[in-house]
Each structure stands twice: as C-alpha cells, then as structure tokens.
Amino acid sequence: MKAFLEKIAERLVKKFPDSMENIAIVLPSKRSVIFLKNHLSKLINKPIFLPKFFSIEEFIEELSGYRVVDNLSLQFYLYQSYLESPPSHTDTFEKFMSWSSMLLHDFNEVDRSLVDAESVFANLKEVKELENWTLENWSFNSENLTDSQEKYVSFYNQFYNWYVSFNKILSDKNLAYQGMAYKKAALEIEDKSLEWEKVWFVGLNALTLSEQKIIDNLKSRDIARVFWDADQYYYNNSNHEAGKFLRVQRDKWREIDFEGVGNYFEKEKQQFNIIACPKNISQSKVVSALLGSFSEKDLQESKTAVVLADEGLLYPVLNHLPENVKDINVTMGSPLKNTPFYSFIDVIFQMQIRTKNHKRDLFYYNDVLNIINHPLFSSLASFKNIHNLQNKISKKNKVYISVDFIKNELKSDFEKVNQIFVFWKNINESLSCVRQLIILFREILSGKKNSIESEILFAFSKSFNLINSLILENNFLVEIKTLHSIFSQLLSKEVIPFQGEPLKGIQLMGILESRTLDFKNVILLSVNEGLLPKGKTLNSFIPYDLKVHFKMPTYRESDAVFSYHFYRLLQRSENVNVLYNTESDDFGSGEKSRFITQLLSEYKGRINEFVFGGEELEFTEDKEIIIKNDSLQQEIENWSKYVSPSSLNKYINCSLSFYYHYLAKIRKEDEVSEFAEPNNIGTAIHEALNKIYPKGVITSQSVNQIKEDLLGKLEEEFIEEMKGEDVSKGKNYLSLQISKKLTQNFVEFEESFLKKFNSRGGTLNILESEGEFEHQLQVNQKLFTIKGKVDRVDEMNNQLRIIDYKTGKVSKSDVSITDFNELLENPNKSKAFQLLVYAYIYLKNNPKYSDREVIAGNFSFKNLKEELLTVSKSINRKKETIIINKAVLHNVEEIISEVIHKIMNEDFRKTTETRRCEYCDYKVICNR
Ligand code: SF4
C-alpha cells in the first residue's frame, strides 16, 4: 500500500514539476520531513529547487519572530517572575521546581488556545476561594481565612502577575515559551506577509485554536492547502474519537484538498496479533522473538517500526534485540532519568548527601556498593580492584567506610575516581566531579561517535552545562541537596532527542514520532489504559470545568489525539502486533487499552489473541548449559574429602548448581549484614546451646537452672555475630529479642516435657552436642569422606535420638517420605535426607548402638507444639516414625552412593524444574 508521504511527494511533483522554490511544507515532526524528502528524492531526476520544510513548531516559531527557549532556562526565568510577586509564603527554588512545570504547562495551554489569561486566572482564583468557602465563614475577606487557607488563595492569586511578568522577561529578550510564540503568531498573522506563495499543511490532526487561526487566515488568502491522512473507519463514524478533530475541521473548511482519506481498514491484514504479556519487561522479550522472525529485507529497509507508548521500555527493548537486527534507528525522546549515566550521577549524590547529613567523614557501605556495582563504574576501575573492595567491605562487615579504605583497595584506579570519593563541601565540588566524569566518559566513548551512549552523554553534558551557567547567572543560594533536586526534577526530565539515520534498519520510536509515517510491520508496545490513552492525569492547576468553559483541551481531547495516532499508524500496515502488559506494576494498571477492545469488536478481519506464557518465553530464551563431566577428576577429588549432606542435597536440587558451588567454587560473597539475617540468629542460638546446655542426664531442674546463663550467652553470641553493629535498638534489637524468645520457648518446652517424663521414671541422657563425625564410603573404587556436625544425640530411656535443631519452621511433611527413592528425586525432602545421613555417619562411628532403637528428627523452634519431628514414612496417609535399623542404613548408603556415582559420571545441567531456581545464586548465569 502506498505510504501517505509518498502520495504527497507525487502530488508535489505533479503540481510543481519545475520548481518548488516558493512553497513551504509544514509537517507534524522533523521525522516526517526526512521521510518526505526521501520520497521526493526518488521521484525527481533533474535539478530542481526544493520547497522549504518545517515541523509545525518550527513554522510557528518562524512566524512569531521569537526564539523558543529550552525548558531548563524557562524554569529559571519563571522563578524570577515568581520572586517579583511572591505569595504570602515564598518557596525556595527547590520547592518551586516541584510545581513549576505544571504552571508552565498551563501557560502554554492558555496561550495556544488563545484564552484571555487574565480572565482564566481570575476565575481560577475564585474557584480556589470557593473550595475554601464554608457557611460559617461566608466572606472571602482574608480575616476570615485560616493561615493555610490564606496561603492557598494567595498562591493562586499571583498566577496572572507571574504570567505577565514572565511574558515580559522573555519578550524583552526576544525569547518565548512555545504557547507564547503560538499566540503571537496567531494574533499577528493578518498583517503578516509571507515569503511563500503556497504553504502545505500535511498530516496534522488536532489543531490548537492558534494553529486554526493561522491556517484560517492563510486559507482566506489562498495560500494554505491542508492534507489529511485518515481512514473512513474512524473519519466517517461520528462516534469514533479518532476522527473527532478531522470532522470538526472538515465541517468548518468544507473542502478537503486531497484524497488522503482512504478505506485501508477494509483490507484484511496479513497478520493481526494482540499479545498479552505477563510483566512489563517481558514485552521486550516478545519484541525480540518477533523481530527474530522477520526477513532481512523487512529489517533493513525501514519497513518495520517498534513503537513504544511507554518510553521507559526503550532500554529493555534495546538490550533484547536479536542478532539478525543489524541497524536500528532510535527516533524518540527518552528522559535522561532512564539512562545509566543519570543513575550513576544520582547514586554518587545520594552517597554524598547522606554523608553530609550524618556529619561523619565516612561513607555508608550501601552507597559505596551502589556506586562500585554500577555498570558504568567498571569502565573507571579494574574488575580486580572493584572486586577486592567489595570483598573487603563484606569480609570486614564494614558499615561506614573511610576514603583511605577505598583508596587502598582501588589502588591506582583511585586517582581517576577521587572526586567521587572526596567529601564534597559545596556545590562547586559537586559540579566539578560531574564535569570530570563527563570528560572521562567522553574519552572512553571517543571511538563510538553517534552511538546511543554518546548521544546520552552529549544530552547530559548539554543540560548540565546549561544548569551550571543558569545557577551562576541567577545567583540562587544552592546547596548540594538543592543541586541534587535540580538534577532530579529538571535534568532528569530532559529528553535525549535520539536521531539516528531514519532510512535504514528498524525504527524504534515513540507514538508521536510515528505521525504521518507508514510501515509494513508495526509492533506497538504498552497498549494499556493509562498509557495509550493516558486518561486523566494531574498535570494542570486549571480544573476540568474551567477548561471546558474556556474551550481549552482536557484529557478527553488528549485521548482523542492518541486514538487518532493509534488507528492511523495501523491503517496501512500489513503485519500488526499489539502488545500489552497484563500485570499491575509501577508502570501501569495491567488493564488493556480500550483501543484494543474497540478493535476486537469492530475490525472485520481476523485478529489472533495470544497470552505470552512466561514458560514458553523462557524456553526460547533458555539456552542449554551442559558442563561435560570429562575433565573434572581433580575437582571431584577435592570435594570427595568433605562430602556434606548439604552438597548431596544441592546436587539433588540441581546438578548444575552443585557444579558451580562445589566444583567450580563460584560462591556468592558474604554480604555485609547491618541487620541480623536468619542465619545470624540460627548461628547465635546453636552456639549458645552448644556452650551452655547441660550434657549427660538432664532434668527439668537442671534445664531450669541454666536458663538465665543460656540467654546471657545467646546475647554475647548474637553481638559477636553482628560484628560490632549496634544491637541496642532498631531491627537488630528486635532480632535479638526474637532469638531470646525462641530459645526461651525451647527451654520451657523441654523443661515441661522433662517434668512429666521424669515423673513417670524416664531418663534423658544427652550423649553428644555439636559432635563432628565422618565416615569413609567407597564408591567406584574411590573413597569419599561423608562428614557432618550433629546438633545433639540423646538417649531417651533406651531409645537413641539423632537431633538437628532448626530455628526456622519445619513441618511434618518436610521429614516424611513415601519411599527411600523419593530422597533421590525430591529436594523438598532435604531435611529428612540430612537427618538420615547424620544417623548413618553417627552409627558408623558408634556401632555399639546398632541394635538400639534409633530415630532421627528436628526440633523446630517455630513449631515446638509438634515436639520432635521425626523422619517418618507415609503409609496410608499415616506417618510412622522410621526406626533406623540396618536395612534403613543400607538404603541410606545406597542413596549416598547413587548420588556420588552420578556426580562422578554424569554431565551437569540445568534443572528442568524452574521453580527450584527462584532462590538460586546462579540465576543470572543461567538466565533463569
Ligand atoms: S538457576 Fe536453576 S538451573 Fe541454574 S544453577 Fe540454579 S537451580 Fe540450577
């Protein structure tokens, strides 16, 4: 199907075959200008004067004679106006920035809609007064208002003064905000003589009142021609919001200059898919899968567009591009806040501000880790030095870190990054650090001109320089915290105008950049309510009713604009994939857009609906990792000297994770624990029990007597575990109290049990506490040392009990099996397996007990009501304690041998049960 701009190009050539010198073409965006020029170049084969091309904003700026100034400078000028007529309570610049963008937006809208500013702001003030009106205080005299009401009304009272002063400050410098330029151009158009004989307005849709006035005037002078791009489907349907604006203009101007309105939706598309994606990020994986299936031609000749309704997905999409995508052109603005460079600067500021607040010349460990683990830091320091620093922080459990400590570990790299890690005293030092980083990264990127990273750095550096000079010019009192706010409120919102080579490769763009462009393949992302369309947003001080009264655009008009962009983009494409997120997250509600519902009910052709199953997705992405078991003898030999039940359980859970942990020895570093973790609590309790709990025959009295000592020891062990962290308050204090409570509960449980047990004449004799045992087992002619530390072995009358304390929760089913083979296959039975292995090595070391009745079990400190949870067999839903006799020991030995045999002979590969990966340390390596 012929593209809209191709038709325009043909018409231009037909109308002006010899020269287009006196013609101006006005399009919605710079992007459309490039595409139209490209179509023209294919049709013209002789030297000819081309027309003058403008985006609509450029055209109006040209008519107005003003220079439209950037958003950052506007905020500073607006603050000057604010200070000229301050409200009763004056905001600092930092506070002012939190609402000034909204006011700027309102000034733009008021002027673009040619509304009398004095009248709208006077009305606004009255609306705000009414909001504070009560029967008791019926007068608006300021004496009748409370302080906060007075502040509120005084704030709205000043809007018009700020508007007048802001306009004056700017016009004195011949500068303008966009609305101001629109208003001037519209008001002066009648007397304006133009240098062009004809002006073609191409592909515009929702015209503001100022644009309409300009085109009205040019039409009345027979200068303007207007060309629409639309489909009968929404254009002729009076209920369809996509055609709302075009219908108004058709009725007003009666004639349409061009047959731009077609019947494209009538023709069935080759593919029309609607794909529901679980989680926002999975959309980028779906894009990757779709692009991977496109032909080279479609990917190379700008026939494919990936359109993002949510610019936050730009980097995830870029990071998931498949290998067959060779060229990509990003034609969308993306806020700086989404870039790694911004986030890097942000974490540095956070660290410096926290240090300043704490008034200590030390950095908080988490801030330092955020910086050194940031991807950009790796280009400033060697992996080895970063790794050493990280290691030292965790090994020494450092919470506050000195500069010297960092310097020692980063060695020669420190010089490069010293400005990050000196304590900033004032904003000059902050600015100098950012400047130094820009220079460093510019050097790093010197060979990558036009890369996405270079464009980001260029945009950042441009905005940074501007802020730097605006701060100096305006003489505001700026502290480091304020500078950080300026960065996060102004600089982070600055948009990087990615502008690549648009005529090559796939086109990645925002929805506004797609105006007037047509693509064979369209993949549209985030088609969710709240994004496409946006619906109600809080971006204006002017209430809805007042906007309607003054004929200013409301969210309804904005929704109609995006409805038009949505349908127009799809009308000529042949393969359409519309994606939406099904889950509520930070990015949206998870509700599919009403545009999709409308398409499903109205489109006459076939639409395929898919739900993208995460599993399926994982499957395509999930590359097999196989570690061949042919040269690992030495690693297995090393491991064979200490075969713990945990290592066997790890293998049963996933052979690859066993390989990573025990053979390749890739281990997660200990993390700094500022707050007690469950393992710290567990270790402290185990240590205290080991050191204080009585051995030999125990009674309820003997247990009662050690209670206080035990709790005292526990506190000591806990403090030791926390390596100097403050345990007298906050989370650590609570964890200590929890540990004490758990231990106390256990002692009281045992005391009360012994009271009854002793009264019936029973004796309980503790034989072992934290006893370490090992046994050598021969598998395939090789000896393996099975080792374990048994928490407690006791004799209860004649029965021998092998006991493992668990400070967490264990339930009966964790230690119950249906048959012994289950231990080989089901990692959920790891606790049962561990107990049986302990029993095995203990009895191998103490054959004298072989003819005793032996059982094994857990005392779960969080489930003491179940008493000792013994390893049991489920028979007809009844759980019967397993008596560990010779036959059972034989079974356990067989299972241990079987696992070892596999470790010696089989390859190591990923588990097929992906839920086992949830808490695995190797998730990243495995891409699970
Ligand atoms: S992430 Fe999954 S497959 Fe990979 S090692 Fe861990 S458990 Fe095994």
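Just so it is clear, the structure is predicted and the values come from calculations on it, not from any experiment.

1. Section: the sheet that holds strand E21 (residues 696–698)
- Strand order in the open sheet formed by 6 strands is E21-E22-E23-E24-E26-E27, and the pairing between neighbours is mixed. A single partner strand is all that each edge strand has here, and the edge strands are E21 and strand E27 (868–870). Each neighbouring strand pair of the sheet contributes to a mean axis angle of 45°, computed without reference to strand direction.
- Bridge count for strand E22 (residues 764–779) against strand E23 (residues 782–796) is 14 bridges, and the pairing is antiparallel. Looking at the pairing, Asn765 lines up with Glu795 of E23.

2. With respect to the pattern of salt bridges
- Under the criterion given, the structure shown has 40 salt bridges.
- Here Lys707 and Glu748 are joined by a salt bridge, their closest N and O atoms 3.7 Å apart. Pair noted here: Lys707 is in helix H32 (residues 700–721) and Glu748 is in helix H33 (residues 730–759), with a separation of 41 residues, a long-range link.
- Among the ionic pairs, Glu750 bridges to Arg792, the shortest N-O distance being 2.8 Å. Of this pair, Glu750 sits in helix H33 while Arg792 sits in strand E23, and the two are 42 residues apart along the sequence. Considered together, Glu750 and Arg792 belong to a single accessibility category, that of buried residues.
- It is possible to trace a salt-bridge network through shared partners that takes in Asp229, Asp518, Arg568 and Arg572.

3. A short note on the packing of helix H5 (residues 93–112) against helix H8 (residues 159–172)
- Contact geometry of H5 with H8 gives a least axis separation of 12 Å together with a crossing angle of 75°. With respect to each other, H5 and H8 are oriented roughly perpendicular. Between H5 and H8, the contacting residues are Trp99, Leu103, Leu104, Phe107 and Asp111 on the first element and Phe159, Trp162, Tyr163, Phe166 and Asn167 on the second.
- When its residues are assigned to classes, the contact of H5 with H8 shows 8 nonpolar, 1 polar and 1 charged.

4. A few points about the nonpolar core
- Formed by 124 residues in total, the largest nonpolar core has its most connected members in Phe344, Phe377, Ile420, Phe421, Phe460 and Phe487.
- Residue contributions to this core peak at 9 residues, all from helix H16 (residues 340–358).
- Residue assignment places this core across two domains, with domain 1 (271–332 + 500–619) and domain 2 (338–497) each supplying three or more.
- Setting aside residues up to four positions removed in sequence, Phe421 forms contacts with Met351, Phe363, Val368, Ile371, Ile372, Phe377, Val403, Ile406, Leu410 and Phe414.
- The next biggest cluster of nonpolar side chains, apart from the first, holds 80 residues, and it includes Leu5, Leu207, Trp253 and Val527.

5. Some details on the environment of Asn821
- Position of Asn821 among the secondary structure elements: in helix H34 (residues 821–825).
- Note on Asn821: relative accessible area 48%, which makes it partly exposed.
- Each C-alpha atom, one on Asn821 and one on Tyr82, is 78 Å from the other, the two residues being 739 residues apart in sequence.

6. Some points on unusual backbone geometry
- Between Leu532 and Pro533 the backbone carries a cis peptide bond, its omega angle lying at 5°.
- The topology assignment puts Pro533 in the loop between strand E17 (521–525) and helix H24 (544–549).
- Here the phi dihedral of Ser526 falls at roughly 60°; this positive angle occurs in a residue that is not glycine.
- Relative to the elements of secondary structure, Ser526 occurs in the loop between E17 and H24.

7. Here we look at helix H25 (residues 555–571)
- For H25, built from 17 residues, the straight-helix expectation of 24 Å at 1.5 Å per residue is met to within 8% by its first-to-last C-alpha distance of 24 Å.
- The buried count for H25 comes to 13 of 17 residues, which makes it a mostly enclosed element.

8. Things to note about the confidence of the model for the chain
- Per-residue confidence for the chain averages 87 on the pLDDT scale, and 92% of its residues sit at or above 70.
- With pLDDT under 50 throughout, residues 615–621 is counted as low confidence; its partners more than four residues away or in other chains account for 7 contacts.

9. Considering the packing of aromatic side chains
- As enumerated under the stated definition, the model contains 77 aromatic pairs in all.
- Over the aromatic face of Tyr264 sits the side chain of Arg572, whose NZ or CZ is 4.3 Å from the ring centroid.
- When the ring centre of Tyr642 is taken as origin, the NZ or CZ atom of Lys787, which lies over that ring, is 4.9 Å away.

10. Details of the site of the ligand
- In the vicinity of the ligand, 11 residues are found, and the nearest of them are Cys654, Ser657, Cys917, Cys920 and Cys926.
- Partitioned by chemical class, the residues of the shell around the ligand number 5 nonpolar, 2 polar and 4 charged.

11. A closer look at the sheet that holds strand E16 (residues 506–510)
- Strand order across the open sheet formed by 7 strands is E11-E16-E10-E17-E18-E9-E19, with parallel pairing between neighbours. Unpaired on one side and paired on the other, strand E11 (328–331) and strand E19 (608–611) mark the two borders of the sheet. Between one strand axis and the next, the sheet turns through 15° on average, direction left out of account.
- The pairing of E11 with E16 spans 4 bridges and is classified as parallel. In the sheet register, Ile328 faces E16, and the bridge partner there is Ile506.

12. Focus: the environment of Asn45
- For Asn45, the location among the structural elements is in the loop between helix H2 (30–43) and strand E2 (52–55).
- Using a relative accessible area of 75% as the deciding quantity, one classes Asn45 as exposed.
- Sequence separation between Asn45 and Phe487 is 442 residues; the distance between their C-alpha atoms is 51 Å.

13. Observations regarding the domain arrangement of the chain
- Parsing the chain into structural domains produces domain 1 (271–332 + 500–619), domain 2 (338–497), domain 3 (633–667 + 765–917) and domain 4 (678–759).
- Taking only C-alpha atoms, the centre of domain 2 and the centre of domain 3 are 50 Å apart.

The rules we used
- Residues numbered from 1 in each chain as written.
- Predicted model: local features only at pLDDT ≥ 70, side-chain atom pairs only at ≥ 80, totals over all residues.
- Heavy atoms only, no water.
- Pairing = 2+ DSSP bridges.
- Helix = DSSP H or I, 4+ residues; strand = E, 2+ residues; numbered from the N terminus.
- Axes fitted to C-alpha atoms, helices over the stretch in contact; angles between N-to-C directions.
- Salt bridge = Lys/Arg side-chain N within 4 Å of Asp/Glu carboxyl O.
- Buried < 20%, exposed > 50% of the residue type's maximum accessible area, 1.4 Å probe, protein only.
- Parallel < 35°, antiparallel > 145°, perpendicular 65-115°, else oblique.
- Contact = heavy atoms within 4.5 Å.
- Nonpolar A, V, L, I, M, F, W, Y, C, P; charged D, E, K, R; others polar.
- Core = buried A, V, L, I, M, F, W, Y, C linked by side-chain atoms within 4.5 Å.
- Domains from an automatic or database assignment.
- Expected span 1.5 Å × (residues − 1).
- pLDDT = per-residue confidence, 0-100.
- Phe/Tyr/Trp six-rings, centres within 6.5 Å; stacked < 30°, edge-to-face > 60°.
- Lys NZ or Arg CZ within 6 Å of the ring centre and 35° of its normal.
- Near = heavy atom within 4 Å.

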